[in-house]
Amino acid sequence: MNNALNRVLANQYARRLMWPVLVLLVLIAVNIAVTGFDFIWPHVSDGRLSGAFVNILRRSAPLLLIALGMTLVIATKGIDLSVGAVYAIGAAIACQTIIDGTDQSAAGLIFRAVAIALVATAVIGAWNGTMVAYFGIQPIVATLILMIAGRGIAQLVTGGQIPKVQDSSPFTELGRGEILTVPVPIWIAAAVFAALVLLTRRTALGMLLEAVGGNPEASRLAGIRSKGITVLVYLVCGLCAGLAGLIGAANLGSADANNGGLWIELDAILAVVIGGTSLLGGRFYLLGTAIGVVIIGTLGDTIINIGLSDQWQFTVKAIVVFIVALLQSPEFRAWVFKPFKRRPAAPAAAPAEEVLAK
Amino acid sequence: MSTQTLTERPARSTLFDGMTRYIPIGATVALLLALYFGGVANYRNFDKPQVIANLFIDNAPLLVIAVGMTFVILSGGIDLSVGSVMAFSTMTCAWLTVEAGLSAPLVVALVLVFGTGWGLLIGAVIHYFNVQPFIATLVGLFLFRGLTLQISTSDMSMREVKFFQWGMTHVEVGGGIRQGGFWLPYLSFAAIAVVAVAFVVLHYTRFGRGVYAVGGNEQSALLMGLPVARTKIGVYVVSGFCASLAGVLAAFATKSADPLRHVGAELDAIAAVVIGGTLLTGGAGFVLGTLAGVMVWGLLNTLIQFQGNLSSWWARIVMGVLLLAFILLQRGLARSGEKRRT
Amino acid sequence: MSAALVSMTGIVKDFTGVRALDGVDFTLRPGEIHAVMGENGAGKSTLIKVLTGVHAHDAGEILLDGKPVRFNSPGAAQAAGIATVYQEVNLTENLSVAENLLAGREPRLGPFINFRAMRRKAKALLDDLGIDLNVAAPLSSYSIAMQQLVAIARAVDIDAKVLILDEPTSSLDRDEVAVLLGLMRRLAAERGTAMVFISHFLEQVYDICDRMTVLRNGKLVGEWATADLPESELIGHMLGREAAALEQLERSVAGHEVADEAPLLSAKGLGRKGSIAPYDLDVRRGEVVGLAGLLGSGRTETVRLIAGADRADSGSLSFDGAKVAGHNPRTAAARGIAFCPENRKTEGLVGDLTVAENMILAMQAARGWARTIPQSQRNRVVAEFIDKLGIRPGDPDMPVKNLSGGNQQKVLLARWMLIEPKLLILDEPTRGIDVGAKADIQKLVAELSGEGMAVLFVSAELDEVTRLSDRIAVLRDRELISVLESEADMTTERIVDTIVAGGGSE
Amino acid sequence: GEDSGGDGNGGGGDGYVIGFSQVGAESAWRTANSKSVQDAAAADDRITELKFDDGQQDQEKQIAAVRSFINQAVDAIVIAPVVETGWTDVLTEASDAGIPVVLADRGVEAADEDLYVTRLGSDFEAEGRSAGEWAATTFATTPDFKILELTGTTGSAPANDRKAGFFAVLDEKGVAYTLVDSQTGNFTAEEGKATMETFITTHGLDGIQLLYAHNDEMGLGAIQAIEESGKAPGTDIQIIIVDGSKAGFQAGVDGKVNYIVECNPAFGEQLMDVVVDVIEGGSPEKFTPVEEGVFGPDQFEAELPNRQF
Ligand SMILES: Nc1ncnc2c1ncn2[C@@H]1O[C@H](COP(=O)(O)OP(=O)(O)OP(=O)(O)O)[C@@H](O)[C@H]1O
Ligand SMILES: Nc1ncnc2c1ncn2[C@@H]1O[C@H](COP(=O)(O)OP(=O)(O)OP(=O)(O)O)[C@@H](O)[C@H]1O
Ligand SMILES: [Mg+2]
Ligand SMILES: [Mg+2]
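Keep in mind it's a predicted model, so treat the numbers as computed, not measured.

Q: Would you mind showing me how to read the overall build of chain B here?
A: Check the secondary structure of chain B and you find 14 helices and four strands. Taking the principal axes of its C-alpha atoms as reference, chain B extends roughly 65 × 55 × 40 Å. Looking at chain B as a whole, 65% of its 342 residues qualify as buried. Taking as baseline every contact in chain B between residues at least 6 positions apart, the subset at least 24 positions apart corresponds to 76%. For chain B, the exposed surface amounts to about 11500 Å²; the carbon and sulfur share of it is 67%. For chain B, the distance from the average site of its 21 positive side-chain charges to the average site of its 14 negative ones is 9 Å.

Q: Explanation requested: the interface of chain D and chain B in the structure shown.
A: Often the size quoted for an interface is simply the accessible area lost on bringing the parts together. Contacts between the two partners involve 43 residues from chain D, matched on the other side by 43 residues from chain B. Both faces combined, the contact of chain D with chain B buries some 3300 Å², and carbon together with sulfur accounts for 43% of it. For the chain D face of the interface with chain B, the top three residues by lost area are Glu60, Arg67 and Asn71 of chain D, together amounting to 20%. Here chain D and chain B share five salt bridges between them. Here aspartate 112 of chain D and arginine 159 of chain B are joined by a salt bridge, their closest N and O atoms 2.3 Å apart. Looking at the side of chain D that touches chain B, the elements that each hand over two or more residues are α1 (28–43), β2 (47–54), α2 (59–71) and α3 (88–96) of chain D. Broken down by element, the residue count for the side of chain D that touches chain B peaks at 10 residues, all from α2 of chain D. Classifying every residue of the side of chain D that touches chain B gives 10 nonpolar, 18 polar and 15 charged.

Q: Could you clarify how one ought to interpret the site of ligand 1 in this entry?
A: Residue and element names in this part refer to chain C. Not every one of the 20 residues close to ligand 1 is listed here, only the nearest: Gly41, Lys44, Ser45, Thr46 and Asn402. In the environment of ligand 1, an oxygen atom lies 2.5 Å from a nitrogen or oxygen atom belonging to the backbone of asparagine 402. Considered on its own, ligand 1 offers 640 Å² of accessible surface; in the complex 89% of this is hidden by protein. Sorting the residues of the shell around ligand 1 by element identifies β2 (18–28), α1 (44–51) and α15 (405–418) as the ones contributing at least two each. At three residues, the largest contribution of residues to the shell around ligand 1 is made by α1. For the shell around ligand 1, the per-class residue count stands at six nonpolar, 11 polar and three charged. Residues lining the shell around ligand 1 come from more than one domain, with at least three contributed by each of domain 1 (6–239) and domain 3 (347–419).

Q: Would you explain the UniProt feature "transmembrane region" (unreviewed entry) in chain B in this entry?
A: Residues and elements named next belong to chain B. According to UniProt, the "transmembrane region" (unreviewed entry) feature falls on residues 22–43, 55–74, 105–128, 134–152, 183–204, 233–253, 265–293 and 313–334. The straight-line gap between the two end C-alpha atoms of residues 22–43 is 32 Å; of that span, 91% is helix and 0% is strand. The span residues 313–334 is 100% helical and 0% strand by assignment, and the distance between its end C-alpha atoms comes to 31 Å.

Q: Mind showing me how you'd approach the coordination of the magnesium ion (ligand 4) here?
A: Tetrahedral coordination by four donors places them ideally at 109.5 degrees to one another around the metal; octahedral coordination by six donors ideally gives 90 or 180 degrees. Listed as protein donors to the magnesium ion (ligand 4) are Thr300 of chain C (OG1) and Glu342 of chain C (OE); their distances from the metal cover 1.8 to 2.6 Å. Within this pair, whereas threonine 300 of chain C is found in helix α10 (residues 299–307), its partner glutamate 342 of chain C is found in the loop between β18 (337–340) and α12 (344–348), the two being separated by 42 residues in sequence.

Q: What should I look at first to understand a negative patch on the surface in this one?
A: A grouping of Glu203, Glu231, Asp463, Glu493 and Asp497 of chain C is seen on the molecular surface, where their side chains present a negatively charged patch. With respect to the helices and strands, aspartate 497 of chain C occurs in helix α18 (residues 492–501).

Q: Would you take a moment to explain the packing of helix α4 (residues 60–74) of chain B against helix α8 (residues 186–204) of chain B for this structure?
A: When two helices pack together, their arrangement is given by the angle between their axes and by how far apart the axes lie. Residue and element names in this part refer to chain B. At their nearest, the axes of α4 and α8 sit 8 Å apart, and the two run at 15° to each other. The orientation of α4 with respect to α8, classified from their angle, is roughly parallel. Crossing geometry of α4 relative to α8 is assigned as left-handed. Residues Ala60, Leu63, Val64, Val67, Phe71 and Leu74 of α4 form the contact with α8, whose own contacting residues are Leu187, Ala191, Val194, Val195, Ala198, Val201 and Leu202.

Q: In this structure, what is going on with the side chain of glutamine 209 of chain D? I would like to understand it.
A: Residues and elements named next belong to chain D. If you trace the backbone, glutamine 209 turns up in the loop between α6 (189–203) and β8 (210–213). A polar atom in the side chain of glutamine 209 sits 2.7 Å from the backbone nitrogen of lysine 146. A distance of 3.4 Å separates the side chain of glutamine 209 from the backbone oxygen of glycine 207, its partner in a polar contact. Other than its neighbours up to four places away in sequence, glutamine 209 contacts Phe139, Thr142, Pro143, Asp144, Phe145, Lys146, Ile237 and Gln238.

What counts, and where the lines are drawn
- Residues numbered from 1 in each chain as written.
- Chains lettered and ligands numbered in written order.
- Predicted model: local features only at pLDDT ≥ 70, side-chain atom pairs only at ≥ 80, totals over all residues.
- Heavy atoms only, no water.
- Helix = DSSP H or I, 4+ residues; strand = E, 2+ residues; numbered from the N terminus.
- Buried < 20%, exposed > 50% of the residue type's maximum accessible area, 1.4 Å probe, protein only.
- Contact = heavy atoms within 4.5 Å.
- Areas by Shrake-Rupley, 256 points an atom, 1.4 Å probe, with all protein chains shown as cover.
- Lys, Arg positive; Asp, Glu negative; His and termini not counted.
- Charge placed at Lys NZ, Arg CZ, Asp CG, Glu CD.
- Buried area = accessible area lost by both parts, 1.4 Å probe.
- Salt bridge = Lys/Arg side-chain N within 4 Å of Asp/Glu carboxyl O.
- Nonpolar A, V, L, I, M, F, W, Y, C, P; charged D, E, K, R; others polar.
- Near = heavy atom within 4 Å.
- Polar contact = N/O pair within 3.5 Å; in protein donor to acceptor, adjacent residues only side chain to side chain.
- Domains from an automatic or database assignment.
- UniProt positions renumbered as here; feature names shortened; annotations may be inferred.
- Donors = N, O, S within 2.8 Å, 3.2 Å for Na, K, Ca; no water.
- Patch = residues over 30% accessible without salt bridge, like charges linked within 9 Å, V, L, I, M, F, W, Y side chains within 5 Å.
- Axes fitted to C-alpha atoms, helices over the stretch in contact; angles between N-to-C directions.
- Parallel < 35°, antiparallel > 145°, perpendicular 65-115°, else oblique.
- Left-handed = near helix turned anticlockwise from the far one by under 90°.

So this is what it looks like as structure tokens:
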């Protein structure tokens, strides 16, 4: 038993994921304690899976998509600040195209709207990548440009209005519908997750990415197309952001160029880091990112469930992120847990609290 | 960047070698002048000296946080908490003076101590627990925005507090704006003083050179026996202090506190620092570059204000395009400069 | 016998998965020059790092001047009088030479650094060592060798009672080595500094050291006075096997036939402004061409152009009968040109990736990302090369940054041998490599060329160049001045003469 | 200072040049407001040019814009302030330069009253009170009256005032009510929906009679959350929204909204009249209210075609 545990812990992926998983479990436990077991246990009503946790997953789908793309970008030592704006652009293009059409229910129109939005956001992503790879501009600056201009572009598309798609349009199914009782956004996010995991771990793409992020010059000399890979990664990130925007727009049936996906880049980066990927590039952990996203998603509900007013949103989030960040630090664990090593019965969480109180 | 140094092996070194690090800042300054004269040529009244003075008035708090950010970025870190720390500081000034009735100079001192202490705490967490700066300071971003909202969810005036009148007290030069001169308030001088002190500290003290060394290669700095812990924590202390000082300046500037103020200020500061030619990877850059970066940022906004006929979205797009053009030009100048040197 | 200045007893140091030091004792006496010897990965650098507070040891005791000490940072060790030059050059490239020399000890006026005084002091310091650099230029504008000299100058200037030099000579050429050894003698004589010296060059060790401590696999083998330990015995202690194997290399290498056909590689007027003057160079199949020259003579630049690492701005290159256009590292690898760069840390390895991943990197890059190397094939070739090159520890899943320097070099070599290139370019492949491994690598080069592979070989050690090469290109001042072809010309003396004469000595 | 009258920046005609510092473009309401002002200025012969600046919800940007207008020597400055406090200095600078200031939409703190000529805009507290009046009448007799509230951006003036006005009326009228929960939806549909979903999972909808949403967008987001939970908005739970956009009225027509308090953005023409009057020396009242209405279910259908945004 102990042996098996040790073996699991020796695996570096497992070690990375242990603390975030723990924090997530604690959050879930808190919610269960407050609202009952229904929090986690979904039920089927009206042919759709519902329940608090399913809702959290469904609402987290756009963030997950963006965070996955962000993970790949961060693996190359980059960062993409423009994802929130790209989200808005994707949403704006899709909604505007649909309301400009005559029959908002026509499959062809919806297909076209989705396609145009995705192509546009992929192009934007590739543009970011080109700036970084070929013009040698620092990623934070390269993407800051679109972070500033992107929402302007989205507003330009919608003429400053908030285009509303008819509720009857099948487009809204992307955000509200369900397949086999499971909400469509969850399907999409899961599919993208699976695709990216396969793409990076079943092919050599993941390793090449990590090489480019870990040592760009060495990678170049080893014959890796590091520029091409960089562009690809930003393109995927843009595409993910666009897809997230589509889901968001479909969910609401409208596109808000100004507020859609506002500050989502910070949450995405947060999720990536909570998941164990270093902002310095190199190793990346898609599963960790997914867990990070669910933590962030659960946090919002937890605050409401335990009856705190919304001024607490930021504060509680800060505290939880701080706890995760500290738990992930081996130095911190050594410092806090060492005195207790000989007395394993001591409560591990208590000293962590003390540090926070400081 | 490493590509540059590795593939562009310079010929036997000349005096010129030492100059290459001035290329990005040189390019920034040249483009800054181009922007200014572009404005003068195109808009009436753009040549008023007050236009330049306004850059120092409107951007004084930004300038101060950008200076702090320069230290952090030079050391290879980043500080995302500055916007929230600033808002929290302003709010605390208002709350402690107006609601708690404490004396204003005491409050200002307390706020500055708080900022410094926060920097110390987060610097220690970053250094001793090896938490990534981005995340550690992101905690600060959320935390202080949250605490600010806990203090008050609406804006608060501190116009009744005499002490805060001081900041906008001003000096008139050349007869002030009426006679074609300009005016500049004390808080602008405070910001300029911060730049000057930072310049001296960064370039002429061991701490400052240590910041460059740590940013260049932390492991090496450690093996060279430099005080890495002190330096790394020190930059966050500087940044925390600057953020709280900027908060105080903001209190001076408006005599009011707003819990939603300065959202995203950290990004403005980072942008200004990077536009000023400092590398985000650390170890290369100048605080005067940051000054130039803040001026560019302000000047781009001024140009849009003078243009005056852009819709909200066109204003954003134009800002993005101007920034893009600026960065590409800067990059191009820097590259051709690097080539010429061989 | 005087009391010990530094005494380390029962030192144990564990890294995750590796016990790097296992109960090692080490004693340094005042005024002596003491060598620490051992294979790559034996634990020499770790011992130094434990002593100077880079790593905390897990057991054991350190006494300095008879008092127990435990430094928590290199700065603390420095303050206590221990100056160290670590193995990999550890300076900050973004600062100027002068700042690197005097960081932490800058001359000041009040609280402010006095830059003029600092430059003056730095200049004097370098002049004293016979190094001519622009002290105001950023360190990054100088080669590793120059940086190593700067690091040494920095440590010497600290005026410590203990000076530790971990492979200071690995990238220096003979003149610089002579200067350094002279300096060490002077310090011992004039200041009575005790010194720890680590080097894989046995002749240097025998030249300068009074005593030596030998480590093997993290364990202490023993301590001897240099005079009591003949070279062959030392090698035996280091490798734990008989040294005879080394001798037999001597001329197994020599005299193999090079097919007299059209050259595999032919450079015509290839050059790059500001880095290397246009040159002509041919390499045939099965031939080893050595590049010889002093520091900064342009050997690295020469091979980087051929490898596609830098873009040439004049001349042309043909390879395997075809003219090469659009040359870059990727297309070069596709054509069959492999390039092991000289600076393995910054240009060679990806530190966070594992040994296995670093090995297959070039092979995978050549196949493209979509065609993964099957797991079984991958495991097989990795295991094969770990075995063939004797990489230790032999764990393919260990991050490569945790390997000792010599083993890292072998991983890099394995990467390129895996793609079975037609031309292998090795820039300083034996730098920092122990005698055993060095012999292995030399043997490998001989074998590979025997099998028909062409090799371009850069090394600061002229012996090695003459021993391995079929032809030698001599460089000076960034210009290829002569190619030595005849058996008679292939001696160290001829090369030195050629360099001194500045070419045209036919 | 010396520039006044018609020699502003315009070049062309000899009309007035006006600087307008807008809050931002954070909502459809705001965009409609900007458009109304810009269109009105363009159509107005008396006005040569309107210098428009988007403050991106940042007071410092707005203050910078006003300083820039002073430098450009415009004839009058219109500010839609993002917050109420902190305007003293810049307003003083404007008045020193002899440029009159008119406030649009939101106001500034009372102590600064001498520094602007007049404010034209909505009264958020009054809006909250209108909503409260209707709620008080409608649910006067409901036993165990339960309310959910979706507030605007925490800390913003409309959020504060619409909340205050609403509950002040309920309290004044002695209505017994329980505020089950009140969370922000940040004035956006996205967060409005998310918050409503959480309300539903946490509290359920049974026994809750009223949802008060501080604007249309959040209300529309909440309506979707309610529909998705299988309940009928407007019937199972009654809904009040503030703003009155096209989409809001459409929802009203569809029976999903029960009461709309208008917050009218289209006061461009009214604003131009006031500004020109001020430049030409007129001294209007300190507060000029924008014409706004309240709409019950029977008026939705008729009003829908009149909606501008
Ligand atoms: N930071 C580290 N983490 C894990 N293992 C390490 C680390 N540093 C060194 N090691 C391991 O410790 C052992 C001793 O390494 P060390 O660098 O001391 O060897 P060395 O004798 O200096 O070799 P070389 O001659 O190649 O420099 C090696 O097996 C190495 O892999
Ligand atoms: N004596 C010197 N003075 C100034 N710069 C020097 C000197 N020697 C070398 N350099 C610098 O070192 C750099 C490295 O040169 P290069 O790599 O071509 O040398 P090399 O022949 O490969 O020697 P090595 O590999 O041993 O360093 C050159 O860019 C040059 O500027
Ligand atoms: Mg070593
Ligand atoms: Mg070389």
